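Breakdown of the fold
So the chains spell out like this:
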Amino acid sequence: MPSSLRDILTSVSQGQYPAPDGRTVVVPQPSPRDAGVLAFTAHSVIFSDQDPEWIRQTLEQSCPDPFSASLHPAFLAALMARTGRRMDTVGSLTLAPALPGPPPLELTEIEDPDHPRVARARKYRDDVRVWSSEGGGILVLGRGLAGRWETAIEVDEESRHRGLGRALAESARHLIPLGEVVWSQQAPGNARSVRAFQAAGYRPVGAEALLIAA
């Protein structure tokens, strides 16, 4: 079993998943910014610099089911209280490999550091780049958790149901180096986003709860 979060994510990106053994392992935070939980099939990874014994005891107290404990609301609430962090949601974690050639959309890069989408993305990622597209789309790309490529998209309400979300998600695959993969998270209840990313070739690999410094 890889001992660092970066190694775990690299293995998953190559289709090598943690053993479905019901275990929850604790690994160090990859950076002071990033802490949280990853859940794969019957296996969880907690990346936090908190005492592993406290984590084990809190998991047992929060939920008797080892397959569900790491993302149980009681455990996440306890972890946030102990670390002074907050979280937005538990997201579905997806990824897709890079594609050759130019993106399917004409994109215009937004270089204004004060643009709301640029400012927000820099709270979660490094080397952030943001593009707009005709029709009211926004594409964000940057280096996020453990240095992985991450993307996010936005589509104006009046431009929905035209395939723009799928095209934006696919465009991100053309903007990363060949041989790399790009990751993205979708709120499970956001069915339109889930469908757009899956239509663009992203496959679900697990779930993620990212704890953010308050």
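Our subject in this report is the structure included herewith. Residue numbers restart at each chain and count upward from 1, following the sequence in its written direction. Local features in a predicted model are, by the rule used here, given only for residues with pLDDT of at least 70; side-chain atom pairs are given and counted only at 80 or more, and totals for whole chains, interfaces and linings are based on all residues. Side-chain descriptors were evaluated using all non-hydrogen atoms of the structure, hydrogens and water having been removed beforehand.

Remarks on the environment of Leu 38
- The secondary structure listing takes helices from DSSP runs of H or I that are at least 4 residues long and strands from runs of E that are at least 2 residues long, numbered from the N terminus. Secondary-structure assignment places Leu 38 in strand S2 (residues 35-40).
- The classification of residues rests on relative accessible area computed with a 1.4 Å probe and restricted to protein chains. Under 20% of the type maximum is buried, over 50% is exposed, and intermediate values are partly exposed. Taking the relative accessible area as the measure of exposure, Leu 38 reaches 0% and is therefore buried.
- Every residue in contact with Leu 38, bar those within four places of it in the chain, is listed here: Leu 5, Leu 9, His 43, Ser 44, Val 45, Phe 47, Leu 93, Ala 207 and Glu 208. Here, residues are in contact when the closest pair of their heavy atoms is within 4.5 Å.

Quick word on the layout of surface pockets
- Both site types are read off a 1 Å grid over the protein atoms alone. A 1.4 Å probe that fits but cannot get out defines a cavity, while an open set with protein on both sides within 12 Å along at least five of seven lines defines a pocket; lining residues have an atom within 4 Å of a point. Grid points are joined across faces, edges and corners, and a volume is the space filled by probe spheres set on the points. In this structure, the largest pocket occupies an estimated 970 Å³ of space.
- Taken together, 40 residues make up the lining of the largest pocket; nearest its centre are Ile 153, Gln 185, Gln 186, Asn 190 and Ser 193.
- Residue assignment for the lining of the largest pocket shows that the elements contributing at least two residues are strand S4 (85-97), helix H4 (116-121), strand S8 (149-155), helix H5 (164-174), strand S9 (181-186), helix H6 (191-199) and strand S10 (203-213).
- Residues were grouped as follows: Ala, Val, Leu, Ile, Met, Phe, Trp, Tyr, Cys and Pro as nonpolar; Asp, Glu, Lys and Arg as charged; and all remaining residues, including Gly, as polar. The residue makeup of the lining of the largest pocket, split by class, is 13 nonpolar, 13 polar and 14 charged.
- Within this model, the second largest pocket holds a volume of roughly 260 Å³.
- Lining the second largest pocket are 14 residues, and of these Thr 10, Ser 13, Glu 180, Val 181 and Trp 183 lie nearest its centre.
- Listing elements by their share of the lining of the second largest pocket, those giving two or more residues are helix H1 (5-13) and S9.
- With four residues, H1 is the largest single contributor of residues to the lining of the second largest pocket.
- Classifying every residue of the lining of the second largest pocket by side-chain character gives five nonpolar, five polar and four charged.

Examining the packing of aromatic side chains
- Whether two aromatic rings pair depends on their centres lying within 6.5 Å, for rings of Phe, Tyr and Trp, where Trp uses its six-membered ring; planes under 30 degrees apart make the pair stacked, over 60 edge-to-face, and the rest tilted. As enumerated under the stated definition, the model contains one aromatic pair in all.
- Each ring, one from Phe 197 and one from Tyr 202, has its centre 4.9 Å from the other, and the planes form 85°; the classification is edge-to-face. Across the pair, exposure class does not vary: Phe 197 and Tyr 202 are buried alike.
- Against the face of Trp 54 rests Arg 82, its NZ or CZ located 4.4 Å from the ring centre. Geometrically, a charge over a ring is one whose NZ (Lys) or CZ (Arg) sits within 6 Å of the ring centre while staying within 35 degrees of the ring normal.

Quick notes on unusual backbone geometry
- The backbone phi angle of Ala 42 is positive, close to 55°, even though this residue is not glycine.
- In this structure, Ala 42 sits in the loop between S2 and strand S3 (43-47).
- Unlike most non-glycine residues, Ala 146 shows phi in positive territory, near 55°.
- Mapped onto the elements, Ala 146 comes out in the loop between strand S7 (137-143) and S8.

Re H5
- Among the 11 residues that make up H5, nine are buried, leaving the element largely enclosed by the rest of the structure.
- Of all the positions in H5, only Leu 164, Gly 165, Ala 167, Leu 168, Ala 169, Ser 171, Ala 172, Arg 173 and His 174 are classed as buried.

So far we have only geometry, and geometry alone does not tell us how the molecule works.
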